[in-house]
Amino acid sequence: MSKGYYEFFCPVKVIAGEAALEHIPFELSALGVSNPLMITDKGVRGAGLSDYVITACSEGGVEMASIFDDVPPDSSTEVVRNIAAVYREQGADSIIAVGGGSVIDTAKAVNILVSEGGDNLAKYSGAGVLKRPLKPFFVIPTTAGTGSEVTSVAVIADRKKGVKLPFGSPFLLPNAAIIDPRMTLTLPAHITAATAMDALTHAVEAYTCMAKNPLSDAYAFSAVKKISEHLLEVMDNPKDPQGRLELAQASTMAGIAFSNSMVGLVHALGHALGVICHLPHGMCMSLFLPYVLEYNLRKGKIREPLAELLLPLAGARVYANTPPEQRARRAVAAIRELRDELFERCKLPRTLKETGKVSLDLLPKIADVAMDDGSIIFNPAEADFEEVLEVLKSAWDDM
């Protein structure tokens, strides 16, 4: 990495707080639109979360053009085409995405089709293909993990071809991200834990990877602090709106950080494990985080930034009482302690063995897929197949 050059980009307006949803009608009118299509899923609709959005909009004089609530967990080009057809039939002029990563990615892809025309999503796949702004687009996240509301990427499966299509463009970024604690108050404990560990991984990898920079560092450091201070509190008091807001803000900040600094081997392994064993992304991140950090430390690559993270991970007293040369290792220990606490509260697995869904004979296959993942390029320490396999064996039963 060149120390003298970096780029940082995040033009998304963030509207956060306990009445954030009520600002949507103003934001729509400021862009000259009044007929949004809401895109969400059955879980969000069933939990009544979309009702908060509908009420906030109608009180501000905005009625939805239509509501599409059938986005599956692993969305596809077919789903995107169907929603684009609804958008056109109902004469919608903007999009509001209410949900987690899959809903947000789907909405980004729908916005490509309704803005550019046609039904062939694949022709816009890749980086930098889009050349102009898309329709007004707002994101209301219902999990505090992915950070998708502030990232310029989306991934959609093409079922017929059996591939995942990646999309990357600053034009995919929403006009605003609305962070309202009402949207995460009903998250079950295991999802709260897994999504927070997803955000923590975004922040820690952003702070330690090859393309880190001073601005991404500021967001990543603050995100780590918020998660460390509030996650266990929220696990014990799930209906605490302030704690929920802190975690949601941390997820957004971590999203801003990693979309400007990239991630590393944790993500490469996590993506591979997710594809092969169909485990949730946040759980995959949590499974690999300490083992990859230990690998990078052994390679002598991340001692300084990881030592700095001991302060937000464990607090001022632990940081002050730990000799400087031991701080990096103590930071990893703090992450392990957090995982132990989460295991105690909701059985979030700490090892591949504890998932009950990964067999030892799959490890070479996971390593093979991880080697081809783009995230590995930004890992601070190089890793060959055998080294990646060693990390997987460590994560198998914590040896």
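Now for a description of the structure that goes with this document. Here the residue numbering is sequential within each chain, running from 1 through the sequence in written order. Only residues with pLDDT of 70 or above have their local features reported here, since the model is predicted, and side-chain atom pairs are shown and tallied only from 80 upward, although totals for entire chains, interfaces and linings are computed over all residues. In computing side-chain values, all of the structure's heavy atoms are included and hydrogens and water are not.

## Considering the state of the cysteines
Such a bond, covalent and formed between the sulfur atoms of two cysteines, is termed a disulfide. Defined by distance alone, a disulfide is two cysteine sulfur atoms within 2.5 Å. With the rule as written, the count across this model stands at zero disulfides. No disulfide involves Cys209; its sulfur sits 17 Å from the nearest other cysteine sulfur, which is in Cys10. The structure places no disulfide on Cys277, whose sulfur is separated from the nearest cysteine sulfur, that of Cys284, by 8.0 Å.

## Comments concerning the side chain of Ser148
Relative to the helices and strands, Ser148 is located in the loop between strand E6 (137-141) and strand E7 (153-158). By the criterion applied in these results, polar contacts are pairs of N or O atoms within 3.5 Å in which, for protein atoms, one can donate a hydrogen and the other can accept it, and in which residues neighboring in sequence qualify only through two side-chain atoms. Side-chain polar atoms of Ser148 contact the side chain of Thr146, separated by 3.0 Å. Throughout, a residue-residue contact means that at least one pair of heavy atoms, one from each residue, lies within 4.5 Å. Apart from residues no more than four positions distant in its own chain, Ser148 is found in contact with Gly101, Ile104, Asp105 and Lys108. Helix and strand assignments follow DSSP, with helices taken as H or I runs no shorter than four residues and strands as E runs no shorter than two, numbered in order from the N terminus.

## Here's the deal with the pairing of E7
At least two bridges found by DSSP between two strands is the condition for calling them paired. Direction of pairing for E7 relative to strand E8 (residues 163-168): antiparallel, over a ladder of six bridges. Across the sheet, residue Asp158 finds its bridge partner in E8, namely Val163.

## Here's the deal with the pattern of salt bridges
By salt bridge we mean one thing: a side-chain nitrogen of Lys or Arg within 4 Å of a carboxyl oxygen of Asp or Glu. In this structure the tally under the stated criterion is 21 salt bridges. Here Lys42 ties to Asp70 by a salt bridge, and the two come within 4.0 Å at their closest N and O atoms. With Lys42 in helix H2 (residues 42-46) and Asp70 in the loop between strand E3 (66-68) and helix H4 (77-89), this residue pair connects regions lying 28 residues apart in the sequence. A salt bridge links Lys299 to Glu387; the nearest nitrogen and oxygen atoms lie 2.5 Å apart. Linking Lys299 in the loop between helix H10 (281-298) and helix H11 (303-314) with Glu387 in helix H16 (residues 385-397), this pair joins segments that are 88 residues apart in sequence. Relative accessible area decides the class of each residue, using a 1.4 Å probe on protein chains only: under 20% of the type maximum gives buried, over 50% gives exposed, and in between gives partly exposed. Relative accessible area serves as the criterion here: at 37%, Lys299 is assigned to the partly exposed category. The class of Glu387 is partly exposed, set by a relative accessible area of 22%.

## Comments concerning the environment of Glu341
Along the polypeptide, Glu341 turns up in helix H13 (residues 327-346). Residue Glu341 is classed as partly exposed on the basis of its relative accessible area of 31%.

## Observations concerning the packing of helix H6 (residues 189-208) against H13
Their axes nearest at 9 Å, the elements H6 and H13 cross at an angle of 165°. On the basis of the axis angle, H6 is roughly antiparallel to H13. Remark: the crossing between H6 and H13 carries left-handed chirality. Contacts between H6 and H13 involve Ala189, His190, Ala193, Met197 and Leu200 from the first element and Leu338, Arg339, Leu342 and Cys346 from the second. Lines fitted to C-alpha atoms define the axes, with helix axes restricted to the stretch in contact, and inter-axis angles between N-to-C directions lie between 0 and 180 degrees. Orientation is classified from the angle alone, with under 35 degrees giving roughly parallel, over 145 giving roughly antiparallel, 65 to 115 giving roughly perpendicular, and any other angle giving oblique. Left-handed describes a crossing in which the near helix is turned anticlockwise from the far one by less than a right angle; the clockwise case is right-handed.

## What about helix H7 (residues 214-236)?
The end-to-end C-alpha distance of H7 is 34 Å, a good match for the 33 Å that 23 residues give at a rise of 1.5 Å each. Fitting axes to the seven residues that end at a residue and to the seven that start at it, the angle between those axes gives the bend at that residue. The largest bend along H7 measures about 40° and falls at His230. Its buried side turned inward, H7 meets H6, helix H8 (241-261), H11 and H13. At the N-terminal end of H7, a side-chain oxygen is found 3.0 Å from the backbone nitrogen of Leu215, two or three residues along, and the residue is Asn213. What a helix is expected to span follows from its residue count: subtract one and scale by 1.5 Å.

## Examining the packing of H11 against H13
Closest axis-to-axis distance for the H11/H13 pair is 7 Å, and the angle between their directions is 50°. Between H11 and H13, the angle falls in the class oblique. Our pair here, H11 against H13, has a crossing hand that is left-handed. On H13, the residues touching Arg303, Leu306, Ala307, Leu310, Leu313 and Ala314 of H11 are Arg327, Ala328, Arg330, Ala331, Val332, Ala334 and Ile335. Under the scheme applied, nonpolar residues are Ala, Val, Leu, Ile, Met, Phe, Trp, Tyr, Cys and Pro; charged residues are Asp, Glu, Lys and Arg; polar residues are all the others, including Gly. Considered class by class, the residues forming the contact of H11 with H13 number 10 nonpolar, no polar and three charged.

## Digging into the sheet that holds strand E9 (residues 176-179)
The six strands lie next to each other as E1-E9-E6-E4-E2-E3, forming an open sheet whose pairing is parallel. Each end of this open sheet is capped by a strand with a single partner; those strands are strand E1 (13-16) and E3. Averaged over all neighbouring strand pairs, the angle between strand axes comes to 20°, with direction disregarded. As paired elements, strand E4 (residues 94-99) and E6 share five bridges and run parallel to each other. Counterpart to Ile96 in the pairing with E6 is Phe138. H8 rests against E1 and E9 of the sheet, and its axis sits at about 155° to E9.

## Here's the deal with the nonpolar core
To define a nonpolar core, start from buried Ala, Val, Leu, Ile, Met, Phe, Trp, Tyr and Cys residues and group those joined through side-chain atoms within 4.5 Å. One finds Leu273, Leu352 and Leu392 to be the most contacted residues of the largest nonpolar core, which totals 83 residues. Sorting elements by how many residues they give to this core places H10 first, with 11 residues. Here Leu352 is in contact with Leu273, Leu287, Phe288, Val358, Leu363, Leu392, Ala395 and Trp396, once residues within four sequence places are set aside. Of all hydrophobic cores here, the second largest spans 33 residues; its members include Val79, Ile112, Phe137 and Ile156.

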